[in-house]
Amino acid sequence: MANKPDLLDMTLEELEQVFVSMNEKPYRAKQLFKWLHKGTADFEQMTDLPQALKEKLKSGYKIGRLILLQRLASSDKRTVKYLYLLTDNNIIECVSMQYEYGMTLCLSTQVGCRMGCSFCASTTGGLARNLTAGEMLAQVLAVNSDLSEHNKPNINGLVLMGCGEPLDNYDNVVKFIKLVHDPLGLNIGYRNITLSTCGLVPKMYTLADEGLNINLAVSLHAPNDNIRRDIMKIAHAFGIEDVIKAARYYFDKTGRRVTFEYALISGINDRPEHAKELCRLLSGFPCHVNVIPLNEVKHLSRKRSSEDSIKAFIDILQSKGINVTRRREMGLDINGACGQLKAAYLEKERG
Ligand code: SAH
């Protein structure tokens, strides 16, 4: 059987069903779940499971694994970028970032992306396919195992900001978040998980009602619809006011502060009048703005703003009382921006 179901993709309840269908005791599901989420990919190492049961599992199921293609550490070793091969030969990337308060993983939710933002490397080849919850979990487990080998702490925070649009793969993403939150497994707190969306308005409402209370980041990148439509295809489907309204609903419903991401692109969205317009747009909303100096992507024409424009932009926001930070640029020396490592790898492979 080439395509066996992936045990990593299953919730505890689903694993219990597997055991019931095999006439085994459902409590075995907890034992298996713990092994899987510890990163054990070999049934033989699951010492508390009877041999006959392991044989049954082996014949009917697989434990999804990622093959490491490339590992690139930044010069200070705090940022590590990983390129992994999936079983169907697709390639995904993720990045671990070590902060004072812990280790965060930026992971991918899709192979490619169909959102078509004009400055983003992940979207270049369009969407290949969605990742399963198990494949997202496999990224965390594979990175954890690499981190232990390098005597680093395990992942305790997640940002869904790698390749892909998480809300375009809604069910798998929500399932993944519940899996990593499970106390029997990785037990990652919802407050340590941030999902970033380009603004799929209806799904933002669904997420708010989901009861997960994770942090929400919204890629705004413009103070009005005209500019937003110029750089983000999705802005033709959803107006900026509706995006803000949905973000506000998310805040009201979950109590979690929303972050607006704003990548400064030279001559497009980085002038003082844009900063002032952004302040008007967000006035009365207790939110946070994360200003990102654009990471220039080789084959895309968008250019990074000058240092002076970046500073002036941030100053205006601050002067109007907006809570603003500048994104720390970790791992610039290792192709930090989404999709860039994969692009560089494929270019090299093709010669
Ligand atoms: N699809 C989601 C998450 C993916 S990217 C989203 O759009 O939010 C995570 C963040 O990086 C987004 O804010 C995205 O717009 C931004 N980003 C993408 N390419 C970038 C680049 N070249 N420079 C700076 N930020 C970039």
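Attention here is on the structure that accompanies the text. Computed from a predicted model, the values in this text were never measured in an experiment.

## What about the overall build of the protein chain?
Alright, step 1. Scanning the protein chain from terminus to terminus reveals 11 helices and 12 strands.
Alright, step 2. Its C-alpha atoms give the protein chain a radius of gyration of 21 Å, within 12% of the compact-globule value 20 Å for 351 residues.
Alright, step 3. Taken along its principal axes, the extent of the C-alpha atoms in the protein chain is 70 × 50 × 35 Å.
Alright, step 4. Among the 351 residues that make up the protein chain, the fraction classed as buried is 54%.
Alright, step 5. For the protein chain, the proportion of contacts with a sequence separation of at least 24, taken over those separated by at least 6, is 65%.
Alright, step 6. Surface exposure of the protein chain reaches about 15,700 Å², of which carbon and sulfur atoms provide 49%.

## What about the sheet that holds strand β9 (residues 215-219)?
Alright, step 1. An order of β1-β2-β3-β4-β7-β8-β9-β10-β11-β12 is seen for the 10 strands of this open sheet, with the pairing classed as mixed. The sheet is open, and its two edges are formed by β1 (67-73) and β12 (323-326), each paired on a single side. Direction aside, neighbouring strands of the sheet carry axes that sit 25° apart on average.
Alright, step 2. Across 4 bridges, strand β8 (residues 193-197) lies against β9 in parallel orientation. Opposite L195, over in β9, you have L216 as the bridge partner.
Alright, step 3. The sheet strands contacting helix α5 (residues 170-181) are β7 (155-160) and β8, and the helix crosses β7 at an angle near 170°.

## Let's talk about the pattern of salt bridges
Alright, step 1. Scanning the entire structure with this criterion turns up 17 salt bridges.
Alright, step 2. K58 is paired through a salt bridge with E55; the nearest N and O atoms lie 3.6 Å apart. Taken as a pair, K58 and E55 lie in helix α3 (residues 51-60) at a separation of 3 residues, close to a single helical turn.
Alright, step 3. Since its relative accessible area comes to 30%, K58 is described here as partly exposed.
Alright, step 4. Between D252 and R248 there is a salt bridge, and its shortest N-O distance comes to 3.8 Å.

## So, the site of the ligand
Alright, step 1. Near the ligand lie 17 residues; those nearest to it are E165, S196, S219, H221 and N295.
Alright, step 2. Here an oxygen atom of the ligand and a side-chain polar atom of E261 are 3.3 Å apart.
Alright, step 3. N295 places a main-chain nitrogen or oxygen 2.8 Å from a nitrogen atom of the ligand.
Alright, step 4. Burial of the ligand by the surrounding chains reaches 96%, relative to a free accessible area of 530 Å².
Alright, step 5. When its residues are assigned to classes, the shell around the ligand shows 8 nonpolar, 7 polar and 2 charged.

## Section: unusual backbone geometry
Apart from glycine, the bulk of residues carry a negative phi angle, and the bulk of peptide bonds sit in the trans form.
Alright, step 1. Even without a glycine there, the phi angle at N23 is positive, about 60°.
Alright, step 2. With respect to the helices, strands and loops of the structure, N23 is situated in the loop between α1 (12-21) and α2 (28-38).
Alright, step 3. On the basis of relative accessible area, N23 is assigned to the exposed category, the value being 74%.
Alright, step 4. Positive phi values are uncommon outside glycine, yet K77 reaches one of about 65°.
Alright, step 5. Tracing the backbone shows K77 in the loop between β1 and β2 (79-85).
Alright, step 6. Residue class for K77 comes out exposed when judged on its relative accessible area of 53%.

## Things to note about α3
Alright, step 1. Considered for burial, the residues of α3 that qualify are L53, K54, L57 and G60. Viewed end-on, α3 has its buried residues packed into an arc of 145°, placing them on one side of the element. For α3, the exposed residues set more than 90 degrees away from the buried face come down to A52 and S59.
Alright, step 2. Elements that come into contact with the buried residues of α3 comprise α1 and α2.

Thresholds, definitions, all that
Residues numbered from 1 in each chain as written. Predicted model: local features only at pLDDT ≥ 70, side-chain atom pairs only at ≥ 80, totals over all residues. Heavy atoms only, no water. Helix = DSSP H or I, 4+ residues; strand = E, 2+ residues; numbered from the N terminus. Rg over C-alpha atoms; globule rule 2.2 N^0.38 Å. Buried < 20%, exposed > 50% of the residue type's maximum accessible area, 1.4 Å probe, protein only. Contact = heavy atoms within 4.5 Å. Areas by Shrake-Rupley, 256 points an atom, 1.4 Å probe, with all protein chains shown as cover. Pairing = 2+ DSSP bridges. Axes fitted to C-alpha atoms, helices over the stretch in contact; angles between N-to-C directions. Salt bridge = Lys/Arg side-chain N within 4 Å of Asp/Glu carboxyl O. Near = heavy atom within 4 Å. Polar contact = N/O pair within 3.5 Å; in protein donor to acceptor, adjacent residues only side chain to side chain. Nonpolar A, V, L, I, M, F, W, Y, C, P; charged D, E, K, R; others polar. Arc of directions from axis to C-beta.

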